[in-house]
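Spelled out, the chains give:
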Protein chains: 2
Amino acid sequence: MALRFAAAGAQVLLGSRSLERAEEAARKYNDILGQTLIRGLTNGEMLAGSEIVFLTMPFDQAAAAIQACASQFHPGLILVDVTVPMKFSNRHAEYLEQDGSSNSEIIARNLPEGVELVAAFKTVPAHFLAEVEKPLECDVFLCGNSARAKERVMEAVRMIPTLRPLDAGPLSHARILERMTVLAVHLNRRYKSKAARFRIIGV
Amino acid sequence: MALRFAAAGAQVLLGSRSLERAEEAARKYNDILGQTLIRGLTNGEMLAGSEIVFLTMPFDQAAAAIQACASQFHPGLILVDVTVPMKFSNRHAEYLEQDGSSNSEIIARNLPEGVELVAAFKTVPAHFLAEVEKPLECDVFLCGNSARAKERVMEAVRMIPTLRPLDAGPLSHARILERMTVLAVHLNRRYKSKAARFRIIGV
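Remember, predicted model here, so these are calculated numbers, not experimental data.

Visitor: When you look at the sheet that holds strand S8 (residues 138-144) of chain A in this model, what are you seeing that I'm missing?
Guide: Strands belonging to one sheet form pairs held by backbone hydrogen bonds; the direction of such a pair is parallel or antiparallel. All names here are of chain A. If you trace the five strands from one edge of the open sheet to the other, you get S3-S4-S7-S8-S9, paired in mixed fashion. What marks the edges here is a single partner per strand, and that holds for strand S3 (52-55) and strand S9 (163-167). Sheet twist, expressed as the average angle between the axes of neighbouring strands with direction ignored, equals 30°.

Visitor: Explain the relation of the copies chain B and chain A here, please?
Guide: A rotation about some axis, followed by a shift along it, carries one copy of the chain onto the other. In screw terms, the move from chain B to chain A is a rotation of 180° and a rise of 0.0 Å along the axis, fitting with an RMSD of 0.0 Å. Both copies are brought into coincidence by an operation consistent with a two-fold rotation axis. It is Arg199(B) whose C-alpha, among those of chain B, lies nearest the rotation axis, at 2.6 Å. A shared binding surface is used by both copies, with 100% of the interface residues of chain B retained as interface residues in chain A.

Visitor: Got a minute to help me understand the environment of Ala149(B) in this structure?
Guide: All names here are of chain B. Inspection of the secondary structure assignment puts Ala-149 in helix H7 (residues 147-157). Here Ala-149 falls in the buried class, since 21 other C-beta atoms lie within 10 Å of it. Residues Ala-149 and Leu-79, 70 residues apart in the sequence, show an inter-C-alpha distance of 8.8 Å.

Visitor: I'm lost on the nonpolar core in this one. Help?
Guide: Generally speaking, soluble globular proteins have nonpolar side chains that are buried together. Counting 118 residues, the largest nonpolar core has Val80(A), Ala120(A), Leu142(A), Val80(B), Ala120(B) and Leu142(B) as the members making the most contacts within it. Apart from the residues lying within four places of it in its own chain, the contact partners of Val80(B) are Ile52(B), Val53(B), Phe54(B), Leu55(B), Val118(B), Ala120(B), Phe121(B) and Val153(B).

Calculation notes
Residues numbered from 1 in each chain as written. Chains lettered and ligands numbered in written order. Predicted model: local features only at pLDDT ≥ 70, side-chain atom pairs only at ≥ 80, totals over all residues. Pairing = 2+ DSSP bridges. Helix = DSSP H or I, 4+ residues; strand = E, 2+ residues; numbered from the N terminus. Axes fitted to C-alpha atoms, helices over the stretch in contact; angles between N-to-C directions. Least-squares fit on C-alpha atoms with pLDDT ≥ 70 in both. Contact = placed C-beta atoms within 7 Å. Buried ≥ 20, exposed ≤ 12 C-beta atoms within 10 Å, placed from the backbone. Core = buried A, V, L, I, M, F, W, Y, C linked by C-beta atoms within 7 Å.

Next up, the structure:
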């Protein structure tokens, strides 16, 4: 995500609990890009300087990460949840049902006032995003209950060439998007690919 | 479905409880096609002459329809379930949760021995299928627990130009496919279309 946005001209800050780890990751990514476009910061500094923050940790760590940073969130901050609750058994991906809720809805329940959550990028393969020279040529579905936040993230997505943002409705539709990732993982296995992704025809 | 398959050269039998209604529907469809390609029959006759039967009734009528015909099913019969449990409120489509199960899995539980269920065509808009002169240019996802039945339906799908069948995994993946229809309905409303459909890139 950081690589693709930086390559598209966005200012990217990479946050971690440890400044050293953030700087090391930023250095690694800048080496790939061949330019110094990404900065590594502590989560607090990253949050202070960011309008849109992408949650890219494993699905079951997102709630704790947010709780640890909640006091540093500023009103108007937009969080983008890309997590998908999946478990793997015998190389088969299975959707991890959580009382009928999507992971995005679970995360949204504990956000401080004034912070908005948008679910997005759930169906776009992370490793394919990292191959910045390859055109994405797919759609990214965004859902959320704040039209303003959704529109702002869609605007950011439009920076990335050949990636089309589509408004996928209210946050509850993350239940659909998260399951679509399971389908993409299955199709990759079934058809020996690593890059299955969705495009909507007729819209 | 009948129109698209008949136009592609398949022998299509249209079944109903009432012979008159079946014949009338067949006549109407043949008029659209400009050729006599579809026959109307009672469900019993249709079943006796069919290898693959598409369940195209509203989602909440499928179980009863199957129960009414179950004694006329022959071993090896393949049922294709295209139903999607949705409710509409204020023009918004909502997925109708049924104890975590897909409608396909609910239907499958009560099938006679030797009859196989494949879930397919859930995400392909019915009215767009009916516009036989328009290329579909999308994917159709098939899921089911019988590899033989799934392959046989995929073979049938390949008759239809520009429609690609994709093996979407076990029958439980109908939970994904049914919800994707809700997304397509939403996208149609949001982007003033009637033809939103899915294509997988990278496979």
